[in-house]
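Residues per chain, in single letters:
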Amino acid sequence: MKSNTWTIIKKEFARFFGDRQLLFTTVIMPGLLIYIIYSLMGTGIQSMITKGAGEVVTMRVENMPESMAPLFGAMDSSLVVVQQPVTEADIAMLEDKELNAVLVRFPEGFDELVIGKCEVEREALPNVEIYYNSTNNAASRVYMAVSTMLGNYGRTFTVNVPQVEGQRFDQATDDSIGAMIWSKILPMLIMMMLFSGVMAIAPSSIAGEKERGTIATLLVTPMKRNELALGKIVSLSGIALLSGISSFIGIALSLPKMVGMDEGVDLGFHYTTSDYVALLLVILASVLIMASAVSLLSALAKDVKNAGTMVTPFMLVVMLAGLLPMFQDGASANLAVYLIPFYNGIEVMTAVFSHELEWTPVVVTMASDVVYTGIAVWALTRLFNSEKVMFSK
Amino acid sequence: MEEILKVEGLSKTFTLSRKQQKIERTTAKRKVAVDNLTFSAARGEIFGLLGPNGAGKTTTLRMLSTLIKPDSGDAVLDGCSVVRQPEEVRGKIGFLTSELKLEDFFTPNYLFDFFSQLHGVDPNTTAARKERMFKRFGIDKFAEVKVANLSTGMKQKLSLVISLVHDPEVIIFDEPTNGLDVLTARTVTDYLQELRGEGKTIILSTHIFSLVERLCDRVGIIIDGRLVACGALSEICNGLTIEDRFFELYKEVKGGEE
């Protein structure tokens, strides 16, 4: 690398790493915040799911049919079934949370009304009323169990009830289900994190230097403009990558809490070394192209505020591109897709996360992004040479 | 004396935005900032460009420092053309103007090393030059203080020092004492004379008559982008003071208009 480019990179890094506040907000805070927020969300969700487990709930059943009694008796041990009439006062007490119970009211002579009847006479079928308060987790669970049990009871056949232990009907493996989920979510998340890193520093790096008048001091040195452009883009990419890595670590650490993996759930996050290498390469290429694009916009902007305004619509486009994998089935087989900047990175990530990695698209993505970066360096050099862009107020 | 700078037919026209048209109180869409400027400067002299605000002094100096390109004409500086060899020219000049700022975040020590590297000065020379210049301007005590925390005068002195990290042959100063307190202004003007003594050429712009009288060997008077007089002070003043001569020329050009 040319020595002046390296001098610019060192200066940008010195500026970044020397500013503890900037370092904290750009590299440490994103990962830390993601970890804290996702962990708290995960803990909250888990606690909502498990809240009320083991709590004893009373179920009052009015007009218990003879055919149903054994089924109710075989339900959860934390359920106390009492045969007792359900009154309007009881229902009012449920609403006021003065009664922790589920109230089931069968019509009189339920068995005679139901047995031998066909479902086509639905309007003539008897109705079972189940009263509960859904803000009580334990009561909600009992309601779900009873309504499912009654639903199955009404049918003349069952669907997909395992006949032997371990019998599977969905032939997708846990790994492929997990891969499908990750391939739809993670590409967008990663692109957003990388873009946030670029956004945090690129506007102030060039538009800020214009605003503060420090760019002119650089422009009167004998350094070539393309050395300055390359130095800016490479240093911004490096810093944005650090910010992206921080966010990635935050997600990686909080993900098990978020989705209950630390409770023993296997979400199929199993990837090979090749997958990780491809991911790293495509992240590098993507961050380079992002830094290039934002640097160009930043150079065109009059000041940092203007740069922020110019970059925002661009960020929305990247976000939209990140959403596309959710509406498609795996990565595209069309190589031309991998020539589209930003979207090519998302496509390769989709392929990696859905265990469909092929190296040709990775190479096409890397090569095209390097070419686009070269074009951006050329364009940025021209902007640095343009007195209208550099010095207009 | 050896000619180190030769300016020939240098011209620059700017397109005015609506905002600029309002400020300039004109409906014209273009403004001729510098019109066919021709002059030269010899090695070891201080050449002053004297003129009122908006006369085209700063534009001329910015073209000489290659920050902006002339529409026509050229200037050859120590054998290098500002149009065809801008990078070589930038290596030969030290340029200082109030619009060039230093990053607040860094220390004088860091900035001196950084700009020395960009100018390709070797580390040993950098260290020796830094020690000498920091001492000369009293920056040595603040070498590790961030620019943001320096006084205005100290920042100006640091800007001057930074513009000279590579020991250039030609030094271009736009209004060198503007905004400086009297002590700092004196330090700067004394140093300019010192540099002349070392054989350096200094091109400066100013609207301060006393500065021209005290410092300049030769002067060019620029009004409305045109050079209306150029030569040694004694040649262009005809026994008048530079101030009286300037207003005489100003009236001739403007026809009595203010």
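How each quantity is defined
Residues numbered from 1 in each chain as written. Chains lettered and ligands numbered in written order. Predicted model: local features only at pLDDT ≥ 70, side-chain atom pairs only at ≥ 80, totals over all residues. Heavy atoms only, no water. Helix = DSSP H or I, 4+ residues; strand = E, 2+ residues; numbered from the N terminus. Buried < 20%, exposed > 50% of the residue type's maximum accessible area, 1.4 Å probe, protein only. Contact = heavy atoms within 4.5 Å. Areas by Shrake-Rupley, 256 points an atom, 1.4 Å probe, with all protein chains shown as cover. Salt bridge = Lys/Arg side-chain N within 4 Å of Asp/Glu carboxyl O. Polar contact = N/O pair within 3.5 Å; in protein donor to acceptor, adjacent residues only side chain to side chain. Nonpolar A, V, L, I, M, F, W, Y, C, P; charged D, E, K, R; others polar. Axes fitted to C-alpha atoms, helices over the stretch in contact; angles between N-to-C directions. Parallel < 35°, antiparallel > 145°, perpendicular 65-115°, else oblique. Left-handed = near helix turned anticlockwise from the far one by under 90°. pLDDT = per-residue confidence, 0-100. Core = buried A, V, L, I, M, F, W, Y, C linked by side-chain atoms within 4.5 Å. Pairing = 2+ DSSP bridges.

## A word on the overall build of chain A
Along chain A, the regular secondary structure elements total 14 helices and four strands. Looking at the 393 residues of chain A, the share that counts as buried comes to 45%. Of all intrachain contacts in chain A linking residues separated by at least 6 positions in sequence, the fraction that spans at least 24 positions is 76%. Roughly 20,100 Å² of accessible area belongs to chain A as shown, and the carbon and sulfur atoms make up 63% of that amount.

## With respect to the interface of chain B and chain A
With 25 residues of chain B in contact, the opposing surface of chain A contributes 26 residues. In this assembly, chain B and chain A are joined by five salt bridges. Between A:Arg15 and B:Glu103 there is a salt bridge, with its nearest N and O atoms 3.7 Å apart. Viewed at the interface, chain A and chain B are joined by eight residue pairs in polar contact (both at pLDDT 80 or more). The residue inventory of the side of chain B that touches chain A, partitioned by class, reads twelve nonpolar, five polar and eight charged.

## Focus on the packing of helix 1 (residues 3–18) of chain A against helix 4 (residues 108–118) of chain B
What describes two packed helices is the angle between their axes and the distance between those same axes. In contact at an axis separation of 9 Å, helix 1 of chain A and helix 4 of chain B are set at 160° when each is read in the N-to-C sense. For the element pair helix 1 of chain A / helix 4 of chain B, the angle class is roughly antiparallel. The handedness of the crossing between helix 1 of chain A and helix 4 of chain B is left-handed. Listed contacts from helix 4 of chain B to A:Asn4, A:Thr7, A:Ile8, A:Lys10, A:Lys11 and A:Ala14 of helix 1 of chain A are B:Tyr110, B:Phe114, B:Gln117 and B:Leu118. Residue composition of the contact of helix 1 of chain A with helix 4 of chain B, by class: five nonpolar, three polar and two charged.

## What to know about the environment of A:Thr360
Note on placement: A:Thr360 falls in helix 13 (residues 359–385). Through-space distance from the C-alpha of A:Thr360 to that of A:Tyr338 is 9.6 Å; in sequence the pair is 22 residues apart.

## Side note on the confidence of the model for chain A
The share of residues in chain A with pLDDT of 70 or more is 83%, and the mean pLDDT across the chain is 81. Mean pLDDT across the elements of chain A bottoms out in helix 2 (residues 20–50) of chain A (78) and peaks in helix 13 of chain A (93).

## A look at the nonpolar core
With 100 residues, the main nonpolar core has B:Leu5, B:Leu64 and B:Ile242 as its most contacted residues. The contact partners of B:Leu5, leaving out residues within four places of it in the chain, are B:Phe39, B:Ser40, B:Ala41, B:Leu64, B:Ala75, B:Val76, B:Leu77 and B:Ile203.

## Details of the sheet that holds strand 5 (residues 80–81) of chain B
All names here are of chain B. Spatial strand order, 2-1-4-5: four strands in an open sheet with antiparallel pairing. This sheet does not close on itself; its edge strands, each paired only once, are strand 2 (30–42) and strand 5. Against the sheet, helix 2 (residues 57–64) contacts strand 1 (3–15), strand 2 and strand 4 (72–77), and its axis sits at roughly 120° relative to strand 1.

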